[in-house]
Amino acid sequence: MDNNLKKCILCGHLNTVDANYCSSCGTALNKLTDNTLICAPDISFEEPLGGEESLSGLDLQGAVLVVKMDQDVLMPYQIDKEVTTIGRKTDSDIFLDDITVSRNHAVVERRADATKFTYHLKDVGSLNGTYVNRKRIEEIELFGGEEVQVGKFKLVYMAQQPN
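The structure displayed is predicted, hence computed values, not measured ones.

(A) Quick peek at the confidence of the model for the chain. Overall, the predicted model of the chain reaches an average pLDDT of 76, with 67% of residues at or above 70. When the elements of the chain are averaged for pLDDT, strand β3 (residues 38-39) gives the smallest value, 33, and strand β12 (residues 139-141) the largest, 97.

Dropping the structure here:
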């Protein structure tokens, strides 16, 4: 292999040696830790994800957006702030590095009522739009198992109310 290239450990794409992120799948290069990626071959994106069974397999609680990075690799993003940003800016909470994603693409807002939190996805003026279950949205409340599409990335929203 050329010394000016480095191989992504997830998708195998060859990137320039100075790249911080894979230009194919968006994975951080040389910065992965054991708790960043979760191998979960028993979870299929052909079936709806949501509910306690799916979250217990990932050992996460609350609201999570999960990006399918590879055949058996999922990258979960815990939604644990009032506003979680999604975009191509490197300081986005959910950084998706692809030209199909706007720098400031969307946000997930956590809202509280008397008994629970609700999570609302809001497009913030992206060029290519934000989709939930293949329908373009401006703003929508998310429910467990829904598919969110941001650029070429498909994420699944999973939620579990605290016991």
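There is more to say after this.
(B) The arrangement of the side chain of Thr 130 in detail. Secondary-structure assignment places Thr 130 in strand β10 (residues 130-132). We classify Thr 130 as buried; its relative accessible area is 0%. A polar contact of 3.4 Å, which involves the side chain of Thr 130, links it to the side chain of His 105. Side chain to side chain, Thr 130 and Asp 123 meet in a polar contact 2.6 Å long.

(C) Local environment of the sheet that holds β12. Across the sheet, which stays open at both edges, the 5 strands sit in the order β7-β6-β8-β9-β12 with mixed pairing between neighbours. Each edge of the open sheet is held by one strand with a lone partner, namely β7 (94-95) and β12. Pairing of strand β6 (residues 83-87) with β7, which is carried by 2 bridges, proceeds in the parallel orientation. Its bridge partner lying in β7, Gly 87 is registered against Phe 95.

Here is what the cut-offs are and how they apply
Here, residues in each chain are numbered from 1, in the same order as that chain's written sequence. Restriction of local features to residues with pLDDT of at least 70 applies here, the model being predicted, together with a cutoff of 80 or more for giving and counting side-chain atom pairs; totals for whole chains, interfaces and linings are based on all residues. The side-chain figures draw on all heavy atoms in the structure; neither hydrogens nor water molecules are used. Values of pLDDT, ranging from 0 to 100, describe the predictor's confidence in every residue of the model. Secondary structure elements are defined from DSSP: runs of H or I of at least 4 residues count as helices, runs of E of at least 2 residues count as strands, and each element is numbered from the N terminus. Any residue under 20% of the maximum accessible area for its type is buried, any over 50% is exposed, and the rest in between are partly exposed; the area is computed with a 1.4 Å probe on protein chains only. Here a polar contact is recorded for every N or O atom pair within 3.5 Å, except that within protein the pair must consist of a potential hydrogen donor and a potential acceptor, and residues adjacent in sequence are included only if both atoms are side-chain atoms. A pair of strands is labelled paired if DSSP reports no fewer than 2 bridges between them.

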